[in-house]
Amino acid sequence: MARKEGAVHPAVAAFVIALFISWLVTWVYALDRRHSVPMPTQMAPLPDGGVLVRFGDRLYPVNAEGTTGAPFVIPGLSEYSGLAVTGADSVIVYLGGERPSFSRNLLRFLRLAPPASPPAEGEGLYRCRRAGDCRFLAHAPGLAGVARLYWRPDRERLWVVDSGHHEIRRLENGAEPAPRLGDFRFPNGLLAEPERMLVADTNHHRIAAVNLADDGVRTVARIQPTLLYRWPTDLIRVGDQYWLLVGRDNLEESRLYRYDGDWNLLGRGAAGLVDLLSLAPLGKGALVADRGERRLWRLDAEGDPLEEVALPGLAGARERFQYWRRWSDILLYGGLALVLAGLAFAFWHDRHRLPESFRGDDLHDWRHEKPARGEHWLAPVGLVRLRWLYLVLPVLVLWSMGVLAAGMEDPKPLVGMLPLGLVIVLVGLSAFLMFRYVAGCAVGVHGDMLLLQDARGRRVAGHRAEIAYHPTMLVIGEVIVPVGTRAMPLFPRWRMRRLVAPALRGARKLSTRECLRLVWRRRFWPLLAMYLSFVLLFAACAASLLIMG
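Residues numbered from 1 in each chain as written. Predicted model: local features only at pLDDT ≥ 70, side-chain atom pairs only at ≥ 80, totals over all residues. Heavy atoms only, no water.

Draft legend 1. Quick look at unusual backbone geometry. In this structure, His-205 takes a positive phi of about 55° despite not being glycine. Checked against the element boundaries, His-205 lands in the loop between strand S13 (196–201) and strand S14 (206–211). Here His-205 falls in the buried class, since its relative accessible area comes to 19%. Residues other than glycine seldom take positive phi values, yet Arg-294 does so here, at roughly 55°. (Helix = DSSP H or I, 4+ residues; strand = E, 2+ residues; numbered from the N terminus. Buried < 20%, exposed > 50% of the residue type's maximum accessible area, 1.4 Å probe, protein only.)

See below:
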């Protein structure tokens, strides 16, 4: 069967599809390798004043001087579930569960990643010793997501915080968890006090207290140190202060904030660390995990970094993370750029074969109609009448940037959004000026003569070769009148088909290049400002991504 003229060769189409699938699988693989690099996640205080830190399938004890001891080796640790220390050589952990990402599920489907291997007794809570031998404690299905464990030695009671199911339960004497306590939304960190447990109730933006006597729950503090940071995820007690990790709505870029005993904000701690994951009291200060840089830091009593704590294998994990992050970003942005370039090329290559409704040029199809009798004029409609609303867009953008500037302590996001915000202001102003110009224009016919009126009130008439037209404008001599497209008409399109299209019989149709050249030669500033603003919009998007990324 012969190919249609201008059609793509099947071999070329198959090659392009195979290339796209290969790029997608490669990017998913790089993304999975990036996310599979271990990082210090959960921490738990030790009886001797140190901290037990989870890194991969090992639990490393860190003393008050920042020295690392011999680890617990526990294969099958759930990545996001917490751990609870019950003795010098005993911990309670969650085994067998995982929260696989889309990339990991896809790679398993393609047989490019190993399948999950739960323990023989099923997923649940286990009591493990340093040698790695684990004894089943209780079933706790669903804890494979974000969860916290906390052991209260004074009451021999394990607290289980199931963030994904918005529940807090207690586990006593090896029994199943008791009914949930209180009304929480994504609870997170726990802190034990003599007669109560403090809970970081993340999505309620509060610190709640659970009374140990009657299980009553009350709010002790509302957390909103800044406009954007009001989602608390972890808390500890350092001296007479409360230290909190507070994140944004996506629970990333968490920061350390210090409060006094009455929950008055004292300020930030570790201001140079902007993506903290967990913290635990250590000595006179704390130990924090920096998720963005894959580092552990020891802080002093004022929250300032003292030194970096080195875990075995952490430096290599950081290098692997940076390597795969760089490659995943290159594949993502490079692939998207190639896809957009391919679509632009296909659009340009087949521009003459696109439907008329898509190109917006539907006037020449009606040129065979009979000219109208008498004189008729068309006034602008639609977007032109709503031109004052385009002044609202710059006001909203400037107001939003002011609000963000007031709520951000880190200027980098605001600097990243500044080019995009300024260009959006320019787009709104140029659109207003454009539609303000069109509001003073008019299009008319007198028999088979085309009549145009510009914003200055000049009227001209043209016939056949004296007229030049484009899907977006009509031109006679020095007068240019934008008319919009079928999708975004500036004049009533159905009346233009009946009245104006017959007057275009014999007129010269402008190509897009000729139209741009004409606009530039005539210095038609309303359209030039619109074109320039849209070009700058794409450049500003790229600049904002580079600054913020």
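Next comes the rest of the description.
Draft legend 2. Up close: the pairing of strand S26 (residues 449–453). Of all five residues in S26, four are buried; the element is thus mostly enclosed. Counting the residues in the hairpin turn of strand S25 (residues 442–446) and S26 gives two residues, including Gly-447, whose phi is positive at 70°. As paired elements, S26 and strand S27 (residues 459–462) share four bridges and run antiparallel to each other. In the sheet register, Leu-452 faces S27, and the bridge partner there is Val-460. The hairpin turn running from S26 into S27, its antiparallel successor, is five residues long, and Gly-457 in that turn takes a positive phi close to 90°. (Pairing = 2+ DSSP bridges.)

Draft legend 3. Quick peek at the sheet that holds strand S9 (residues 147–152). Here we have three strands laid out as an open sheet, ordered S9-S10-S11, and antiparallel in their pairing. Each having just a single partner strand, S9 and strand S11 (167–171) make up the two edges of the open sheet. Direction aside, the axes of adjacent strands within the sheet are offset by 20° on average. Pairing of S9 with strand S10 (residues 157–162) involves six bridges; the strand directions are antiparallel. Residue Arg-152 lies in a different strand from S10, and its bridge partner there is Arg-157. (Axes fitted to C-alpha atoms, helices over the stretch in contact; angles between N-to-C directions.)

Draft legend 4. Region of interest: the sheet that holds strand S23 (residues 305–309). Across the sheet, four strands lie side by side as S20-S21-S22-S23; this open sheet has antiparallel pairing. Strand pairing shows two members of the sheet lacking a second neighbour, strand S20 (276–282) and S23, which therefore form its edges. Across the sheet, the mean angle separating the axes of adjacent strands is 25° when strand polarity is ignored. Pairing analysis gives five bridges linking strand S21 (residues 285–290) to strand S22 (residues 295–299), with the strands arranged antiparallel. Following the sheet pairing, Asp-290 is matched in S22 by Arg-295.

Draft legend 5. Layout of the state of the cysteines. Considering all chains together, one arrives at one disulfide under this definition. Put simply, Cys-128 and Cys-134 are joined by a disulfide, and their sulfur atoms are 2.1 Å apart. The sign of the 115° torsion about the S-S bond sets the Cys-128-Cys-134 disulfide as right-handed. The class of Cys-134 is partly exposed, set by a relative accessible area of 32%. (Disulfide = S-S within 2.5 Å.)

Draft legend 6. Representation of the packing of aromatic side chains. Applying the stated rule across the entire model yields nine aromatic pairs. Judged by centre distance (5.4 Å) and plane angle (80°), the rings of Tyr-126 and Phe-136 are edge-to-face. Remark: Phe-136 occurs in strand S8 (residues 134–138) and Tyr-126 occurs in strand S7 (residues 124–129); sequence separation between them is ten residues. Here the aromatic rings of Trp-388 and Phe-432 are separated by 5.0 Å at their centres, their planes lie at 50°, and the arrangement is tilted. (Phe/Tyr/Trp six-rings, centres within 6.5 Å; stacked < 30°, edge-to-face > 60°.)

Draft legend 7. Seen up close, the nonpolar core. Core analysis: the largest hydrophobic core is formed by 40 residues, its most contacted members being Val-443, Leu-450, Leu-452, Leu-474, Val-481, Phe-491 and Val-500. Of all the elements, helix H6 (residues 411–439) adds the most residues to this core, at five residues. Residues contacting Val-500, with those up to four places away along its chain left out, are Leu-378, Val-443, Val-445, Leu-450, Leu-474 and Arg-495. Grouped together as the second largest cluster of nonpolar side chains are 17 residues, Leu-282, Ala-289, Leu-314 and Ala-317 included. (Core = buried A, V, L, I, M, F, W, Y, C linked by side-chain atoms within 4.5 Å. Contact = heavy atoms within 4.5 Å.)

Draft legend 8. Local environment of a positive patch on the surface. Taken together, Arg-508, Arg-513, Arg-517 and Arg-521 make up a surface patch of like positive charges. When residues in the positive patch are grouped by element, the largest group, three residues, is from helix H8 (residues 512–521). As for its position among the elements, Arg-517 is in helix H8. (Patch = residues over 30% accessible without salt bridge, like charges linked within 9 Å, V, L, I, M, F, W, Y side chains within 5 Å. Areas by Shrake-Rupley, 256 points an atom, 1.4 Å probe, with all protein chains shown as cover. Salt bridge = Lys/Arg side-chain N within 4 Å of Asp/Glu carboxyl O. Lys, Arg positive; Asp, Glu negative; His and termini not counted. Charge placed at Lys NZ, Arg CZ, Asp CG, Glu CD.)

Draft legend 9. Structural view of the pairing of strand S6 (residues 90–95). Among the six residues of S6, six are classified as buried, and the element is accordingly described as predominantly covered. Of the two faces of S6, both are covered, the one formed by Ser-90, Ile-92 and Tyr-94 as well as the one formed by Val-91, Val-93 and Leu-95. Strand direction decides the pairing type here: strand S5 (residues 83–87) and S6, joined by four bridges, are antiparallel. Bridge pairing in S6 links Leu-83 to Val-93. Hairpin remark: S5 followed by S6, antiparallel, with two residues in the connecting loop.

Draft legend 10. Examining the side chain of Arg-152 more closely. Note on placement: Arg-152 falls in strand S9. Taking the relative accessible area as the measure of exposure, Arg-152 reaches 3% and is therefore buried. Within the structure, Arg-152 has its side chain in polar contact with the backbone oxygen of Glu-193 (distance 3.0 Å). Discounting residues that sit within four places of it in the chain, Arg-152 has contacts with Arg-157, Trp-159, Ala-192, Glu-193, Pro-194, Arg-196, Met-197 and Leu-212. (Polar contact = N/O pair within 3.5 Å; in protein donor to acceptor, adjacent residues only side chain to side chain.)

Draft legend 11. Region of the structure containing the pattern of salt bridges. The final tally for this structure, using the stated rule, is 16 salt bridges. Linking Arg-58 and Asp-57 is a salt bridge whose minimum nitrogen-to-oxygen distance equals 3.2 Å. You can call Arg-58 partly exposed: its relative accessible area is 32%. Residue Arg-258 is joined to Glu-302 by a salt bridge in which the shortest nitrogen-to-oxygen separation is 3.9 Å. Of this pair, Arg-258 sits in strand S18 (residues 255–259) while Glu-302 sits in the loop between S22 and S23, and the two are 44 residues apart along the sequence.

Draft legend 12. Molecular detail of a nonpolar patch on the surface. Together, Ile-17, Phe-20, Ile-21, Leu-24, Val-339, Leu-340 and Leu-343 line one region of the surface with nonpolar side chains, adding up to about 650 Å² of accessible area. Elements with a contribution of two residues or more to the nonpolar patch: helix H1 (10–36) and helix H3 (314–349). Of all the elements, H1 adds the most residues to the nonpolar patch, at four residues. Along the chain, the position of Ile-17 falls in helix H1. In this structure Ile-17 comes out as exposed when scored by relative accessible area, which is 51%.

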